[in-house]
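Listed here are the chains, written in short residue letters.
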Amino acid sequence: MGAEEYACAQAWAALTAAHARIAGLLADALGRSCGLSVNEFEMLLRLDRAPGRRLRLGELNEAIPLTQPALSRAVTRLAERGWLERAGAPDDGRGVLILLTAAGEAALRVAVPVHARVIRAALLDRMSAAEQDMLAGVLRRVAAPEAVPSGRPGAARSVSSSARSPGEPKLPITEQ
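About the cut-offs
- Residues numbered from 1 in each chain as written.
- Predicted model: local features only at pLDDT ≥ 70, side-chain atom pairs only at ≥ 80, totals over all residues.
- Heavy atoms only, no water.
- Salt bridge = Lys/Arg side-chain N within 4 Å of Asp/Glu carboxyl O.
- Pairing = 2+ DSSP bridges.
- Helix = DSSP H or I, 4+ residues; strand = E, 2+ residues; numbered from the N terminus.
- Axes fitted to C-alpha atoms, helices over the stretch in contact; angles between N-to-C directions.
- Contact = heavy atoms within 4.5 Å.
- Expected span 1.5 Å × (residues − 1).
- Buried < 20%, exposed > 50% of the residue type's maximum accessible area, 1.4 Å probe, protein only.
- Core = buried A, V, L, I, M, F, W, Y, C linked by side-chain atoms within 4.5 Å.
- Parallel < 35°, antiparallel > 145°, perpendicular 65-115°, else oblique.
- Nonpolar A, V, L, I, M, F, W, Y, C, P; charged D, E, K, R; others polar.

Asks: Please explain the pattern of salt bridges as it appears in this structure.
Replies: Opposite charge on two side chains makes pairing possible when the charged atoms of those side chains draw close. The tally for this structure, following the rule as stated, stands at five salt bridges. The network of salt bridges with common partners includes D48, R53, E105 and R109.

Pasting the structure below:
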């Protein structure tokens, strides 16, 4: 085992430990304050940002790390609370659209500040503004569907706030 491979393994271990810690804090805070799981919060958030506040079930399934049956059960739970509605896709008789309701939007408006407080306390407050920009840029690049590493593994690239789209917030989450 070489030093580079060991450093890679240590970086991965640190990333997964940070994710597990923050995901646990989010789950506790969202569940206690809003009655939402992290995945349910993500569903509401994605629908809120979608054109017409609606997505096909398949599109939502691509964005949320659940199996299709688990996602369908989550949609059912949120629909029973009046936060989502199901509708047929007008251009496809077999397709299902998931729509965010006004009540779902209200629930999201309560949950976003809870989410932001946890993310700030557990992650962002521990970084400088430059580190936040760098982290956001790197994570956007890694999460992009076309993300394919170029050059040698571990090659450093500079990341600046110019990597953000115009009008994109500096931080990954903001209170609304």
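Asks: How should I be thinking about the sheet that holds strand β1 (residues 54–56) in this particular structure?
Replies: Sheets are built from strands paired through backbone hydrogen bonds, the pairs being either parallel or antiparallel. What the three strands build is an open sheet, ordered β1-β3-β2; its pairing is antiparallel. Of all the strands in the sheet, just β1 and β2 (84–89) have a single pairing partner and so form its edges. Between one strand axis and the next, the sheet turns by 30° as a mean value, whatever way the strands run. Here β2 runs beside strand β3 (residues 92–100); their pairing, made up of six bridges, is antiparallel. Paired with L84 across the bridge in β3 is L100. Those strands touched by helix α4 (residues 68–80) are β2 and β3, and its axis lies near 120° from that of β2.

Asks: What's the story with helix α1 (residues 3–34) in this structure? I'm lost.
Replies: Each full turn of the α-helix corresponds to 3.6 residues, which orients residues three or four apart in the same direction. An ideal rise of 1.5 Å per residue puts 46 Å on 32 residues; α1 measures up with 45 Å between its terminal C-alpha atoms. Within α1 the residues assigned to the buried category are I22, L26, A29, L30 and C34. Those residues of α1 hidden inside the fold are in contact with α2 (38–49) and α5 (102–122). Looking one or two places after α1, you find G35, whose phi comes out positive at around 70°.

Asks: Got a minute to help me understand the nonpolar core in this structure?
Replies: General note: in soluble globular proteins, nonpolar side chains tend to be found buried as a group. Core analysis: the largest hydrophobic core is formed by 32 residues, its most contacted members being L36, M43, L44, L60, V75 and L84. At eight residues, the largest contribution of residues to this core is made by α5. When near neighbours in sequence (up to four residues on either side) are disregarded, L84 contacts M43, L44, L47, V75, L78, A79, I98, L99, L100 and T101.

Asks: It is not clear to me how the packing of α2 against α4 should be interpreted in this structure. Could you clarify?
Replies: Helix packing for two helices is described by the angle between their axes and how far apart those axes are. Packing of α2 against α4 leaves a shortest axis separation of 11 Å and a crossing angle of 75°. Considered as vectors, α2 and α4 are oriented roughly perpendicular to each other. Residue-level inspection shows E40, M43 and L44 of α2 in contact with α4, the latter providing L71, A74, V75, R77 and L78. The residue makeup of the contact of α2 with α4, split by class, is six nonpolar, no polar and two charged.

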